[in-house]
Amino acid sequence: MGFARACSVALVGVEGVVVEVQADLEAGVAAFTLVGLPDKSLVESRDRVRAAVVNSGAEWPQKKLTVGLSPASVPKAGSGFDLAVACAVLGAAERIDPESIADVVMIGELGLDGRVRPVRGVLPAVLAAAEAGYREVVVPEQTAGEAALVPGVSVLGVRSLRQLIAVLCDEPVPDERKDDRGRPDAMLAGLLVPGAGTGTGLVPGPGRGDGHAPDLADVAGQERPRMALEVAAAGGHHLMLSGPPGAGKTMLAERLPGILPELTRKESLEVTAVHSVAGLLPPGEPLVTRAPYCAPHHSATMQSLVGGGNGLPRPGAVSLAHRGILFLDEAPEFSVRALDALRQPLEAGHVVVARSAGVVRLPARFLMVLAANPCPCGRHSLGGDGCECPPSMVRRYQARLSGPLLDRVDLRVTVDRVGRKDLMGQGGRGESTAVVAARVREARARAADRLTGTGWSTNSEVPGHELRTRLVPAPGALLEAERDMERGLLTARGLDRVLRVAWTVADLRGADRPDGSDVAVALELRTGIPRGAAVRAGAS
């Protein structure tokens, strides 16, 4: 009787569980049994592994073979277990030393010819292996760069099972020739979900495919919305842009990623892990360094926004926008259930999705930007344009954005139509993305220094209790906000959010703490009611 074991990783959401792949050979009729809650694609690995082993020059054992995936209570899905299953079988057959693979984590799909194909989710899988104490990992050659992002782990990238057998047995490693016929590498097909490329609104950063990077200087006029955009980027505050069609709401939102600072190392790993699992990580770019930008269509379902799918839930738009921007254009056209499902992740920074197959916790700390027209035709409250929507229709349209959802939006700005003078450039060009981004970086650095040791990095993350006890504004600064709360114009949550925005405004102008004018700016940006405060970029 022969026995061997190797290790692989089962992904549950964006978290991994190390799975021990055990192979047992017994005398009896030749058979291959796979146990341990495998899904359909994993059950089919029996035929893939057998063909790959034979075509790699090794002999397939003609005995009763049982492969167990432990822990058996954890559902396993995907083809990434093929490499570990093949090595465990070869170890049980004594083709390779069982001791050499006992503590090695192997991730990869096998082709029938023995080539090792890349799979999605390599980074979170290697992170799980490192946290479990494993220090040696074998992955497909194409994803070795992604796996190498995890410190303290020795990564071996292989192109074929034949190469891996040679490495484990200290034999000469055969040279596997690459396909250099000038066509796209078919081996990379497993990394990307079909249809999840440029143009779907699920890519890290907006692009139009013409090489032109969106710049704030392209926006004509719109001084107040530009200021709101800068405050949102500096403090991580949620933003709502309302106004008629063609005023520039989408144009402004597309330029928000450019003024956000680059992700930190920790944030990059978090975002890369989510995008790797979702199949959105571009080949050759193992690390996402820029804030992602996710703009789902208004026909998106609740499951596509917060996560879901058959079996264990998969990341939704809120997770794909983690540490970046979730832009909901034509927000009132989204279903009410889908919009209200955003309440929990907006507060908690994560989403918990419960299904019959299990409960998954997915990261979802994003900056939400809503864009909305005033009514279905878009001409409500505009003089001389003749809105034909009945008042009842206007009320129903605006009520699709519920009060509890809007209470979580820090900045609400009206985007007015652009005048001829601004549109033709007679008013001068506004500040460029580079200039605004520099101010945002300085404001974020000031906030990070103030919040050192607290676990928070932006003003939007600071709890209300800390704002009222430790990070207090100047004396008398909150008098106007307190009056609004007594009148019912502000909720307790709204007061906390006004305080957070006031701190961001103070950071942008270089002040040590917010005063009455900063709070007035925050109130005006939230309520839209003029407070007599100067609302302009970089000043208050």
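Residues numbered from 1 in each chain as written. Predicted model: local features only at pLDDT ≥ 70, side-chain atom pairs only at ≥ 80, totals over all residues. Heavy atoms only, no water.

**Q** Honestly, the overall build of the protein chain in this entry has me stumped. Any pointers?
**A** For the protein chain, the helix and strand inventory stands at 23 helices and 17 strands. Buried positions account for 50% of the 540 residues belonging to the protein chain. Residue pairs at least 24 apart in sequence account for 72% of intrachain contacts in the protein chain once pairs closer than 6 positions are excluded. A total accessible area of about 23,600 Å² is found for the protein chain, and carbon and sulfur atoms account for 51% of it. (Helix = DSSP H or I, 4+ residues; strand = E, 2+ residues; numbered from the N terminus. Buried < 20%, exposed > 50% of the residue type's maximum accessible area, 1.4 Å probe, protein only. Contact = heavy atoms within 4.5 Å. Areas by Shrake-Rupley, 256 points an atom, 1.4 Å probe, with all protein chains shown as cover.)

**Q** Sorry if this is basic, but what is going on with the pairing of strand S11 (residues 239-242) here?
**A** On a regular strand, each side chain points to the face opposite its neighbour's, so the side chains alternate between the two faces of the sheet. Across four bridges, S11 lies against strand S16 (residues 367-372) in parallel orientation. Of the residues in S16, the one forming a bridge with Met240 is Leu370. Strand direction decides the pairing type here: S11 and strand S17 (residues 411-414), joined by four bridges, are parallel. Its bridge partner lying in S17, Met240 is registered against Arg412. (Pairing = 2+ DSSP bridges.)

**Q** Explanation requested: helix H3 (residues 82-92) in the structure shown.
**A** Three or four residues apart is the spacing at which side chains of an α-helix point the same way, because the helix has 3.6 residues per turn. Counting buried residues along H3, eleven of its eleven residues qualify, which places the element largely inside the surrounding structure. Of all the residues in H3, the buried ones are Asp82, Leu83, Ala84, Val85, Ala86, Cys87, Ala88, Val89, Leu90, Gly91 and Ala92. Of the residues one or two after H3, Glu94 is the one with positive phi, at around 65°.

**Q** It is not clear to me how the nonpolar core should be interpreted in this structure. Could you clarify?
**A** Soluble globular proteins: nonpolar side chains tend toward being buried together. If you look at the biggest cluster of nonpolar residues, it comprises 56 residues, and the most contacted ones within it are Val231, Leu239, Leu256, Ile259, Val369 and Val519. Considering each element in turn, this core owes the most residues, eight residues, to helix H22 (residues 492-508). If we skip the residues at most four places from it in the chain, Val231 touches Gly236, His237, Leu411, Val501, Thr504, Val505, Leu508 and Leu525. Membership of the second largest hydrophobic core comes to 40 residues, among which are Ala6, Val67, Val89 and Ile96. (Core = buried A, V, L, I, M, F, W, Y, C linked by side-chain atoms within 4.5 Å.)

**Q** Would you explain the packing of aromatic side chains in this entry?
**A** The geometry of two aromatic rings is summed up by the distance between their centres and the angle between their planes. Counted by the stated rule, this structure contains two aromatic pairs. Measuring from ring centre to ring centre gives 5.7 Å for Phe32 and Trp60, while their planes differ by 40°; the resulting arrangement is tilted. Here Phe32, found in strand S3 (residues 31-35), pairs with Trp60, found in the loop between helix H2 (45-55) and strand S4 (64-70); they are 28 residues apart in sequence, far enough to count as distant. Phe32 sits in the buried class, given a relative accessible area of 9%. Since its relative accessible area comes to 10%, Trp60 is described here as buried. (Phe/Tyr/Trp six-rings, centres within 6.5 Å; stacked < 30°, edge-to-face > 60°.)

**Q** When you look at the pattern of salt bridges in this model, what are you seeing that I'm missing?
**A** When the charged atoms of two side chains lie near each other, side chains of opposite charge can form a pair. Counting across every chain of the model gives 27 salt bridges. Glu466 is paired through a salt bridge with Arg470; the nearest N and O atoms lie 2.9 Å apart. One salt bridge connects Arg468 with Asp496, and the closest N-O pair in it is separated by 2.4 Å. Residue Arg468 is found in helix H20 (residues 464-469), and its partner Asp496 is found in helix H22; the two are separated by 28 residues along the sequence. (Salt bridge = Lys/Arg side-chain N within 4 Å of Asp/Glu carboxyl O.)

**Q** I keep staring at helix H7 (residues 161-168) and nothing clicks. Help me out?
**A** Most of H7 sits inside the fold, with six of its eight residues counted as buried. Buried residues of H7: Leu161, Gln163, Leu164, Ile165, Ala166 and Leu168, and no others.

**Q** Mind showing me how you'd approach the side chain of Ser402 here?
**A** Within the secondary structure, Ser402 is located in the loop between helix H16 (391-399) and helix H17 (403-406). If near-sequence neighbours (up to four positions away) are discounted, Ser402 is found in contact with Asp340 and Arg343.

**Q** Which parts of the structure should I look at to understand the packing of H3 against H7?
**A** Two quantities define a packed helix pair, namely the angle between the helix axes and the distance between the axes. For the pair H3 and H7, the least separation of the axes is 12 Å and the interaxial angle reads 50°. With respect to each other, H3 and H7 are oriented oblique. Like other packed secondary-structure pairs, H3 and H7 cross with a definite hand, here right-handed. Together, Leu83, Ala86, Cys87 and Leu90 of H3 and Leu161, Leu164, Ile165 and Leu168 of H7 make up the contact between the two elements. For the contact of H3 with H7, the class distribution of residues is eight nonpolar, no polar and no charged. (Axes fitted to C-alpha atoms, helices over the stretch in contact; angles between N-to-C directions. Parallel < 35°, antiparallel > 145°, perpendicular 65-115°, else oblique. Left-handed = near helix turned anticlockwise from the far one by under 90°. Nonpolar A, V, L, I, M, F, W, Y, C, P; charged D, E, K, R; others polar.)

**Q** Explain unusual backbone geometry to me, please; I cannot follow it from the model alone.
**A** Of all residues except glycine, most have a negative phi; of all peptide bonds, most are trans. Following Ser70, the chain continues to Pro71 via a peptide bond in cis, the omega torsion being 10°. As for its placement among the helices and strands, Pro71 is situated in the loop between S4 and H3. The residue Glu94 is not glycine, and still its phi comes out positive at about 65°. Position of Glu94 relative to the elements: it lies in the loop between H3 and helix H4 (98-101). Backbone geometry places Glu330, a non-glycine residue, at a positive phi of 55°. When you line up the elements, Glu330 lands in the loop between strand S13 (325-328) and helix H14 (336-340).

**Q** Honestly, the packing of helix H8 (residues 223-235) against helix H19 (residues 433-450) in this entry has me stumped. Any pointers?
**A** Packing of H8 against H19 leaves a shortest axis separation of 8 Å and a crossing angle of 40°. If you check the angle between H8 and H19, you find them oblique. In the packing of H8 onto H19, the handedness of the crossing is right-handed. The residues of H19 that touch H8, namely those facing Glu230, Ala233 and Ala234, are Val436, Arg439, Val440, Ala443 and Arg444. Tallied by class, residues from the contact of H8 with H19 come to five nonpolar, no polar and three charged.

**Q** Is there a simple way to explain the environment of Met485 in this structure?
**A** You can see Met485 is positioned in helix H21 (residues 479-486). The class for Met485 is partly exposed, based on a relative accessible area of 34%. For the pair Met485 and Leu495, spaced ten residues apart in the sequence, the C-alpha separation amounts to 7.3 Å. With near-sequence residues (within four places) excluded, Met485 lies in contact with Leu490, Thr491, Ala492 and Leu495.

**Q** How should I be thinking about the environment of Ser335 in this particular structure?
**A** Within the secondary structure, Ser335 is located in the loop between S13 and H14. Along the backbone, Ser335 and Leu401 are 66 residues apart, and their C-alpha atoms lie at a distance of 9.6 Å.

**Q** I'm lost on the confidence of the model for the protein chain in this one. Help?
**A** Averaged over every residue, the pLDDT of the protein chain is 87; the share at 70 or more is 89%. Every residue in residues 196-210 scores below 50 in pLDDT, and together they form 27 contacts with partners more than four places removed in sequence or on other chains. (pLDDT = per-residue confidence, 0-100.)

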